[in-house]
Amino acid sequence: MPFTRLSWVAGLAAVALSVSATGQGIQQTKGNFIDKFRQLDEVLPDANVYRTAGGEPGHQYWQQQADYQIKVALDEDARTITASETITYTNNSPDTLRFLWLQLDQNIFRRDSLKETATDFGGVGRRGPAASSPGSDKPAKFSFEELRRQQAMADNDYGFNITRVADARGGALPYTIVGTLMRIDLPTPLKSGENVTFSIDWNYLIVEENVVVARSGYEHFPDDVREGGNDIFLLAQWFPRMIVYSDYEGWHNKEFLGRGEFTLEFGDYEVEMTVPADHIVSSTGVLQNPRDVLTATQRERLDKARTADKPIFIVTPEEALVNEAEGTDETKTWRFKAENVRDFAWASSRKFMWDAQAHRQPGAEHETVMAMSFWPKEGGDLWKKYSTAAVVHTMDVYSRFSFDYPYPVAQSVNGPVGGMEYPMITFNGPRTTLQDDGSRTYTLAEKIFLLGVVIHEVGHIYFPMTVNSDERQWTWMDEGLNSFLDSVAGYEWDPEIPWRGAIARDIISYMKSSNQVPIMTHSDSVPNLGPNAYAKPSAALHILRDTVMGRDLFDFAFKEYARRWKFKRPTPADFFRTMEEASGVDLDWFWRGWFYTTDHVDISLDKIYEMRLDTQNPDIDYLRRRAENADKPAKIGVELNREQGLPIWVEENPDVRDFYDDNDIYTVTNKERNSYQKMLAGLKDWERQVLERAVEEDKAYYVLEFSNKGGLVMPIILELTYADGTTAREYVPAEIWRRNPHTVRKLIIGDRSNPITQVVVDPNWETADVDIENNYYPRRIIPSRVEAFKSKRPATGARRDIMHDIKTELDSPDDDDN
């Protein structure tokens, strides 16, 4: 590292002048300043009687309520549902409403829906077609899956078939369907504090989820023993639901395009499902008629599970196998009741086995929560070992960060949907693989998938099923917060599992990519929803917790946010303001950079200057300068002359030598000594004490010069390595960038007896710095790998099915195949 001197008289001003003269881009130029610490209140909505400036519900906060009574019949053979509902809608707003809006989400599968007609040919969704680039002579490609989807859309009439809309007296109500929305015009305006009751009848054809790609639907198992096979039905977005009317937006009547999820009102539900008599139903809510639908043995097992510490089968694997091999023309009606929920979903199949155990919350509203899982034989031991256990673990961790689990039931159901959440019930997709020998195995990747998706989806029952944010407008408020907490839960489950996607080091490639938008972007406009709404905000919260705020302050503020907005509807401003108000930490710079821009973290350690204090004592300082000069490398020409043996004139002609050949420029005279004594005599007592101590300690002074290449201002975390091999951590708050967001310098004082030999920025990769190579000073040799491979590579890492492959017999060296 460069070495220079520190003048104690001029103080640090001399250092700043010296360093600035050698740096690049250090001096502030006109028009180059960007205020990274500008207060966020300039862009956040003003506080009002509904939402305070501190992020809390205001003294006049309100939200609507929608209560439902629903009767639904599942026709397994036709794969349709037919249903009727009665909705009681309470207007708690101060406004008078002349019409109501409802969501008809199944209409997204109509051939004339906005999603189908406006889908870019490049592909929207999991299995879109691969379009060739403009000007390319290569043909576009359709996968077989996409062709199958196109054919299913052409052959079937999907979407709601509304057959009746009536008021409480049975009179017809006028309504208008607009894509996935329906407006009901009220005969009499609904005033503040009043409610209205109306009913709707409908039916629809259930989509095959694996074909159409949806958040619900059925999955067919043609190879089951039963003639015609079996189905698993996952029913969600299955009934006309009230659209939110809020204080900050009015009606949230945005079209459902498939990506942005849902914004819903809380209410009470009473639901009756009539299904084949041999089906097992899992549902939002609490079963009201177990005597009508369960056997005496099943009821006894369920009662036993209410006090069990480990899962107990309500329907055993053996019973499920027998059940799925048969069939019936009879039906049963299951009745469920759910209080204060924002949605309702259910699942039905004869293939389900079912286990349950108790999760205890002493002192909570629901002191015993039933954790339950439903899965077919295809789930195998993977589900038996991990599903219900993961449900319980999720409640343990999330409740510590928020509030006690708010409902009496928490369920994980296996089916065709990879992962979706609803109040008290989640749909989760991972399964085992059937091998040729009849066994079922799973890869480590599938295990990670199951644990991760169960934790994530059950976690959603907290966010946004209870902390009721707008999923469509601000996806990160539930997916990002939930990804943060599910990663906390994952590492608490087993830190050795190679979890991916939610901490700082996982998002580096996305952070430096060009195809991104700010986190605050509406979900339907985000090109890469996973990194943008899940991983990036999760990583940001990890950085806040572990690096910026510290765990005590973060955890208190986060829990306060959850407490304030439990069963209420927060906005981003409420989250930002609560985190600051409860912690006492100004985080406007963090929210602005991480959530409102696409800047990334790239802090470069460009130079380090090592300095030593000038004592002004000529007998000390001139001796040091002579030593510094001697440490410089010899002039190359002089060195080559010496190697050539060329004669030196003054050595061969001593008569030309004089005084300066014996006294160099570092020779001290009494003139310098007298000046030093005069200077000492002019010092005040305290100044002399300070100087004497500084000279005695003879500290090493290091000036570290940083540049912000990525745009995001962040704390600078340093690992200092000393000559004796020891290390130390230095934390520099982000506020160092407040007056210059481009370049800064930091002074570090050390002991000269044990000098600094290396400095590393962000040594633990905790800030998502995209270029770790410019974090080292001195620069290191960049490590990499060289791999020889054939064009076809075998599965590696967690995707290897080691559970199955371990049974492979070792080939003999004499085998012909070798």
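Rules behind the numbers
Residues numbered from 1 in each chain as written. Predicted model: local features only at pLDDT ≥ 70, side-chain atom pairs only at ≥ 80, totals over all residues. Heavy atoms only, no water. Buried < 20%, exposed > 50% of the residue type's maximum accessible area, 1.4 Å probe, protein only. Helix = DSSP H or I, 4+ residues; strand = E, 2+ residues; numbered from the N terminus. Pairing = 2+ DSSP bridges. pLDDT = per-residue confidence, 0-100. Contact = heavy atoms within 4.5 Å. Salt bridge = Lys/Arg side-chain N within 4 Å of Asp/Glu carboxyl O. Phe/Tyr/Trp six-rings, centres within 6.5 Å; stacked < 30°, edge-to-face > 60°. Lys NZ or Arg CZ within 6 Å of the ring centre and 35° of its normal. Axes fitted to C-alpha atoms, helices over the stretch in contact; angles between N-to-C directions. Parallel < 35°, antiparallel > 145°, perpendicular 65-115°, else oblique. Nonpolar A, V, L, I, M, F, W, Y, C, P; charged D, E, K, R; others polar. Arc of directions from axis to C-beta.

S.K.: Is there a simple way to explain the pairing of strand β4 (residues 97-103) in this structure?
M.R.: The side chains of a regular strand alternate, first on one face of the sheet and then on the other. For β4, the buried fraction is high: 5 of the 7 residues fall into the buried class. For β4 and strand β7 (residues 181-190), the ladder comprises 6 bridges, and the chain directions are antiparallel. Among the inter-strand pairings, L97 is bridged to a residue of β7, identified as L190. Sheet analysis places β4 next to strand β11 (residues 241-242), joined by 2 bridges and oriented antiparallel. Paired with L102 across the two strands is M242, which belongs to β11.

S.K.: It is not clear to me how the confidence of the model for the chain should be interpreted in this structure. Could you clarify?
M.R.: Taken over all residues, the pLDDT of the chain has a mean of 91, while the share at 70 or more is 92%. In the model, residues 123-128 has pLDDT below 50 throughout and makes 13 contacts with residues more than four positions away in sequence or in other chains.

S.K.: Teacher, can you tell me more about the pattern of salt bridges here?
M.R.: If the charged atoms of two oppositely charged side chains come close together, the side chains can form a pair. All chains considered together, the criterion is met by 53 salt bridges. Of the charged contacts in the structure, one is a salt bridge between R51 and D574, with a shortest N-O distance of 2.6 Å. Remark: D574 occurs in helix α14 (residues 572-583) and R51 occurs in the loop between α1 (12-22) and β2 (65-75); sequence separation between them is 523 residues. We note that R51, like D574, is buried. Note that R79 and D231 form a salt bridge whose closest N and O atoms lie 3.0 Å from each other. Placement of the pair is R79 in the loop between β2 and β3 (80-90) and D231 in strand β10 (residues 230-235), with a sequence separation of 152 residues. Look at R79 and you get partly exposed, because its relative accessible area is 22%. When its relative accessible area of 3% is taken as the criterion, D231 is described as buried. Via salt bridges that share partners, E56, E560, R563, R564 and E581 belong to a single interconnected network.

S.K.: Would you mind going over the packing of aromatic side chains with me for this structure?
M.R.: What characterises a pair of aromatic rings is the spacing of the ring centres plus the angle enclosed by the ring planes. Applying the stated criterion across every chain, the model contains 53 aromatic pairs. For the ring pair F313 and W375, a centre distance of 5.8 Å and an interplane angle of 45° mean the geometry is tilted. Residue F313 is found in strand β17 (residues 312-315), and its partner W375 is found in strand β21 (residues 368-375); the two are separated by 62 residues along the sequence. With a relative accessible area of 0%, W375 lands in the buried category. Over the face of the ring belonging to F262 we find R241, whose NZ or CZ atom lies 4.7 Å from the ring centre. For R625, the ring lying beneath its charged end belongs to Y622, and the centroid distance is 5.4 Å.

S.K.: What exactly am I supposed to notice about the packing of helix α8 (residues 380-401) against helix α13 (residues 551-564) here?
M.R.: The geometry of a pair of packed helices is captured by two quantities: the angle between their axes and the separation between those axes. α13 packs onto α8 with a crossing angle of 95° between their chain directions and a minimal axis gap of 8 Å. Accordingly, the angle class assigned to the pair α8 and α13 is roughly perpendicular. Contacts between α8 and α13 involve S399, R400 and F401 from the first element and D555, F558 and K559 from the second. Considering only residue class, the contact of α8 with α13 consists of 2 nonpolar, 1 polar and 3 charged.

S.K.: Which parts of the structure should I look at to understand the sheet that holds strand β32 (residues 756-761)?
M.R.: Sheet strands pair by backbone hydrogen bonding; their relative direction is either parallel or antiparallel. With antiparallel pairing, the 4 strands of this open sheet are ordered in space as β30-β29-β32-β33. Two strands in the sheet have a free side with no partner beyond their single neighbour: β30 (727-732) and β33 (776-777). Relative to β32, strand β29 (residues 716-722) runs antiparallel, the two being bridged by 5 bridges. Its bridge partner lying in β32, E719 is registered against V760.

S.K.: Sorry if this is basic, but what is going on with helix α7 (residues 317-325) here?
M.R.: Helical geometry note: an α-helix holds 3.6 residues per turn, so side chains three or four residues apart project in the same direction. Among all positions in α7, only A320, N323 and E324 are buried. Down the axis of α7, the sector holding all buried residues measures 90°, keeping them to one side. Elements in contact with the buried residues of α7: β10, β17 and β20 (353-360). Of the residues one or two after α7, G327 is the one with positive phi, at around 155°.

S.K.: Would you mind showing me how to read the pairing of β10 here?
M.R.: Among the 6 residues that make up β10, 6 are buried, leaving the element largely enclosed by the rest of the structure. Of the two faces of β10, both are covered, the one formed by N230, I232 and L234 as well as the one formed by D231, F233 and L235. Sheet analysis places strand β9 (residues 217-221) next to β10, joined by 5 bridges and oriented antiparallel. Each bridged residue has a counterpart across the sheet, and for F221 the counterpart in β10 is N230. The pairing of β10 with strand β19 (residues 346-349) spans 3 bridges and is antiparallel. Its bridge partner lying in β19, F233 is registered against S348.

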